[in-house]
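# Understanding the architecture of this molecule
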Amino acid sequence: MSSPTHRCPALIRILLCAAPGLAACPGEPAATTASEPTATAASSSGLPTDPGTSGELPTSGEPPGTSGEPPTSGEPPTSGEPSGSSSEPVTASTGEPCPPGSRGCACLMGQVCDDPLVCIDDLCSEPTAGCGDGVLDRGEGCDDGRDNGPGNACKADCTVNVCGDGDLGPGEACDDGDTRAGDGCSAGCQLELCGDGMVDPGEACDDGNLVAGDGCEADCSWTPCSVVWEVSHADPDGSLHGKKVATDANGDIVIVATLRPAQVDSRLLTLKLDPAGALIWAQEAADLRMDGNGLAITADGGIVGIGVEYEQPFLRDLARRFAPDGAPGWLTQNIAAQSSQGFGAAMTPDGAVIAAGFRQVQTTSIPWLARLDADTGAVLWSSAAQIPGTTGAQHLAVAVDAAGAIYTTGVVWIGDDPRLLVRKLGPDGVQQWMVAVENPGAGFARGWDIEPTPAGGVAVTGEFFYGGGAGGDLWVGVFDGDGAPLWSDVHNGGPGESYDVGYGVAVGAEGHVHVVGHVDPDVYQRTYRRYASTGDLLCSLTLPGPGQTHNRLFDVALDGDGFPLIVGHLVGALSVARLTP
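Reading the values: the criteria
In this convention, every chain numbers its residues from 1, walking through the sequence in written order. Owing to the predicted nature of the model, reporting of local features is limited to residues with pLDDT of at least 70; listing and counting of side-chain atom pairs is limited to 80 or more, with chain, interface and lining totals taken over all residues. Note: side-chain values were computed over all heavy atoms of the structure, leaving out hydrogens and water. Working definition: helices are DSSP H or I runs of at least four residues, strands are E runs of at least two. Numbering for both runs from the N terminus. Contacts: residue pairs with any heavy atoms within 4.5 Å of one another. Computed by Shrake-Rupley with a 1.4 Å probe, the accessible areas treat only the displayed protein chains as cover when residues are assessed. Burial classification: accessible surface area is computed with a 1.4 Å probe over protein chains only, and a residue below 20% of its type maximum counts as buried, one above 50% as exposed, and the rest as partly exposed. Criterion used throughout: strands pair if DSSP finds at least two bridges between them. Lines fitted to the C-alpha atoms define the axes, with helices restricted to the stretch that makes contact. Angles between their N-to-C directions range from 0 to 180 degrees. Note: pLDDT gives the predictor's confidence per residue, expressed from 0 to 100. By definition, disulfides here are pairs of cysteine sulfur atoms that lie within 2.5 Å. The positive count covers Lys and Arg only, the negative count covers Asp and Glu only, and His and the chain ends enter neither. Any Lys or Arg side-chain nitrogen located within 4 Å of an Asp or Glu carboxyl oxygen qualifies as a salt bridge. Distance and chemistry together define a polar contact, namely a pair of N or O atoms within 3.5 Å, with one atom able to donate a hydrogen and the other to accept it when in protein, and with adjacent residues in sequence counting only for side-chain atoms on both sides. Here the aromatic set is Phe, Tyr and Trp, taking the six-membered ring for Trp, and pairing holds for ring centres within 6.5 Å; pairs whose planes are under 30 degrees apart are stacked, those over 60 apart are edge-to-face, and all others are tilted. The rule is short: NZ of Lys or CZ of Arg within 6 Å of the ring centre and within 35 degrees of the ring normal puts a charge over the ring.

### Thoughts on the overall build of the chain
Looking only at helices and strands, one finds one helix and 30 strands in the chain. A separation threshold of at least 6 residues defines the contact pool for the chain, and within that pool the share at least 24 residues apart is 40%. Of the roughly 26700 Å² of accessible surface on the chain, a fraction of 54% belongs to carbon and sulfur atoms.

### Overview of the pairing of strand S26 (residues 525-531)
The buried fraction of S26 amounts to six of the seven residues, a majority that puts the element mostly inside the structure. Sheet topology places strand S25 (residues 513-519) next to S26; seven bridges connect them, and they run antiparallel. Directly across from Val513, in S26, lies its bridge partner Tyr531. In this structure, the hairpin formed by S25 and S26 is closed by a connection of five residues.

### Side note on the sheet that holds strand S23 (residues 485-490)
One open sheet holds the four strands; their spatial order is S20-S21-S22-S23, and the pairing between them is antiparallel. Among the strands making up the open sheet, the edge pair consists of strand S20 (444-452) and S23. When the angles between neighbouring strand axes are averaged without regard to direction, this sheet yields 20°.

### A word on the confidence of the model for the chain
Of the residues in the chain, 80% have a pLDDT of 70 or more, and the chain-wide mean is 83. Ignoring residues within four places in sequence, the model shows residues 1-87, a span with pLDDT below 50, making 84 contacts including any to other chains.

### Here's the deal with the sheet that holds strand S7 (residues 279-284)
On the basis of which strands lie adjacent, the open sheet formed by four strands has the order S4-S5-S6-S7 and antiparallel pairing. Of all the strands in the sheet, the pair left with one neighbour each is strand S4 (238-247) and S7. The mean angle between the axes of side-by-side strands here comes to 25°, regardless of whether they run parallel or antiparallel. With five bridges connecting them, strand S6 (residues 267-273) and S7 associate as antiparallel partners. Note on S7: the bridge partner recorded for Thr270 is Gln283.

### Thoughts on the state of the cysteines
Taken as a whole, this structure holds eight disulfides when the rule is applied. Here Cys98 engages in a disulfide with Cys105; their sulfurs sit 1.4 Å apart. Looking along the S-S bond of the Cys98-Cys105 disulfide, the torsion reads about -120°, which is the left-handed sense. Judged by relative accessible area, which is 6%, Cys98 ranks as buried. Bridging Cys174 to Cys185, the disulfide has an S-S length of 2.1 Å. Its S-S torsion of about 95° marks the bond between Cys174 and Cys185 as right-handed, since a negative value means left-handed.

### Things to note about the pairing of S4
Within a regular beta strand, the side chains point alternately toward one face of the sheet and then the other, so they alternate between its two faces. Of all the 10 residues making up S4, seven are buried; the element is thus mostly covered by neighbouring parts of the structure. Note: S4 against strand S5 (residues 253-261), nine bridges, orientation antiparallel. Residue Leu240 lies in a different strand from S5, and its bridge partner there is Leu259.

### Digging into the side chain of Asp206
Here Asp206 shows up in the loop between strand S2 (123-125) and strand S3 (227-233). Buried charge Asp206 goes without a salt bridge, the closest partner of opposite sign being Arg578 at 15 Å. Among the polar contacts made by the side chain of Asp206, one reaches the main-chain amide nitrogen of Gly195 at a distance of 2.9 Å. A polar atom in the side chain of Asp206 sits 2.8 Å from the backbone nitrogen of Gly197. When neighbours within four sequence positions are excluded, Asp206 is seen to be in contact with Leu193, Cys194, Gly195, Asp196, Gly197, Met198, Val199, Cys216 and Cys220.

### Some words on the pattern of salt bridges
By the definition in use, this model includes 19 salt bridges. The salt bridge partner of Glu438 is Arg419, with a shortest N-O separation of 3.8 Å. Note that Glu438 is positioned in the loop between strand S19 (431-437) and S20 and Arg419 in strand S18 (residues 417-425), a separation of 19 residues in sequence. Within the structure, one salt-bridge network assembled from shared partners comprises Asp265, Arg267, Glu284 and Asp287.

### Observations regarding the side chain of Glu140
Mapped onto the elements, Glu140 comes out in the loop between S2 and S3. The side chain of Glu140 is buried and forms no salt bridge, while Arg138, the nearest opposite charge, is found at 12 Å. Separated by 3.2 Å, the side chain of Glu140 and the backbone nitrogen of Cys131 make a polar contact. Separated by 2.9 Å, the side chain of Glu140 and the backbone nitrogen of Asp137 make a polar contact. Those residues in contact with Glu140, other than ones at most four positions away along the chain, are Gly130, Cys131, Val135 and Cys158.

### Describing the packing of aromatic side chains
Following the criterion strictly, the structure yields 10 aromatic pairs and no others. Each residue in the set Phe444, Phe465, Tyr499 and Tyr524 is aromatic and connected to the rest through ring pairs, giving one cluster. In this arrangement the basic side chain of Arg320 is found over the ring face of Phe322, its NZ or CZ atom lying 5.7 Å from the centre. Over the ring of Phe563 we find Arg578, and its NZ or CZ is 3.7 Å from the ring centre.

In structure tokens:
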């Protein structure tokens with residue numbers, strides 16, 4: 001064994017030789033220079049080792065050379081650096097890198113251990129196991145002591161009981177181990193049942209009860225032909241009639257209406273409502289006496305209303321655009337020549353507005369069509385001519401299909417016989433075919449609205465008027481793409497004492513045909529009828545009004561979810577309702 005005068009006692013050597021700036025102990029290589037890295041590693045005692053050594057202490061606790069023999073070379077390592085030098089701390093036992101905060105590494109001088117490790121005896125270590133002692137230790141989500149366990153807020157392993165962990169905890173009606181909806185247990189760990197007031201997957205509706213016939217059935221399907229909501233908007237200046245309805249890209253409801261004051265006068269109004277029917281804004285088209293008859297929504301959300309102006313000496317057609325926020329836009333008048341009335345508007349696939357109406361020339365009606373620029377209101381083309389083989393015609397509504405074909409309805413005279421007009425024209429306004437539906441009784445037939453079908457045909461509604469006190473009937477029919485009749489229906493089926501009219505039609509994606517108007521058992525009552533694509537009547541709804549006031553529905557449209565929106569007037573107020581799909 002070497003003489004004690006030639007070595008440092010082990011403990012003193014560890015303490016002194018670890019201090020920065022001190023010379024190496026006798027018999028050892030000199031410390032690295034200041035320009036070299038001085039990585040510090042933790043020893044098994046938690047103290048740093050000598051940065052000038054190999055990074056390990058001798059296993060015997062003695063410095064090198066205690067075997068009694070001097071080093072064979074008497075020189076430090078030939079590399080010029082201590083063996084085992086590193087840019088990271090190393091463990092005292094293995095010499096492997098030991099990143100700060102890792103398990104088994106030093107946590108001196110404010111070093112933080114990685115979660116969930118804690119600093120114990122200057123080393124990052126696992127926390128002391130104490131789950132169930134009622135003390136919230138590091139790494140525990142909760143600890144309620146004896147109250148830990150299945151079904152409780154804190155589980156036996158000191159984790160919080162949450163929805164989706166498979167343990168039925170407080171406030172949970174179920175817990176199937178996941179948070180997927182539609183599997184009987186909702187994402188909030190509640191049972192998915194019809195009648196719970198929440199619309200779960202597979203349910204069309206859920207009103208919180210199992211009462212049949214109240215709009216939502218006991219199996220959570222919609223009650224056919226039922227009102228979801230209905231609101232009215234009145235004007236102190238007179239009776240307000242909702243004439244046309246549509247929805248924009250935001251789901252807001254747009255209505256063209258006519259305000260009829262007590263005096264002999266009227267105003268064309270445009271209104272925007274939110275999806276629940278609350279008024280957003282209302283604007284008059286102009287300070288002129290006029291009626292509103294047509295409506296189109298442009299690609300950018302602009303609103304075009306069309307009607308007729310009654311200023312003397314002649315009637316004039318009129319179209320007015322409003323911005324989505326209600327700001328007035330362009331105003332176009334006299335689209336056709338004098339004594340012209342505007343009755344319909346529709347958008348083309350390329351973003352233009354098709355307007356329709358008729359001119360009254362002495363005792364003859366001449367139908368007209370026009371294509372307007374949606375941004376400026378400029379007339380791009382127009383046509384006003386008698387239909388060959390007829391003695392007169394009126395366009396009372398217009399529609400455009402996805403290919404740009406134009407459809408019109410109204411009335412056409414074949415000799416002295418007024419018949420219901422159905423007409424298809426190309427995008428350029430050139431007629432492709434025409435159908436004249438004859439009233440089987442004495443009187444005239446007239447179409448009030450038209451809508452393309454998904455199958456490439458067209459649906460029409462209107463009236464057969466019998467005259468002579470025999471009243472009239474609501475009529476609806478569907479034609480194929482070549483004008484051949486597919487089916488039709490007449491409400492009440494022939495002359496009688498009531499006067500029934502179909503004013504508005506809409507067609508759903510599945511081909512269902514929705515019709516609104518009025519029936520007249522005593523006074524006019526609002527009516528809605530829904531037909532399958534085959535013509536079978538699916539449901540019928542009558543909405544009576546109070547007293548002896550005539551009430552009507554003038555139009556129907558389908559919102560983005562396929563719910564019918566119906567508009568008209570009820571006891572002088574504009575009435576709008578959303579029905580079940």
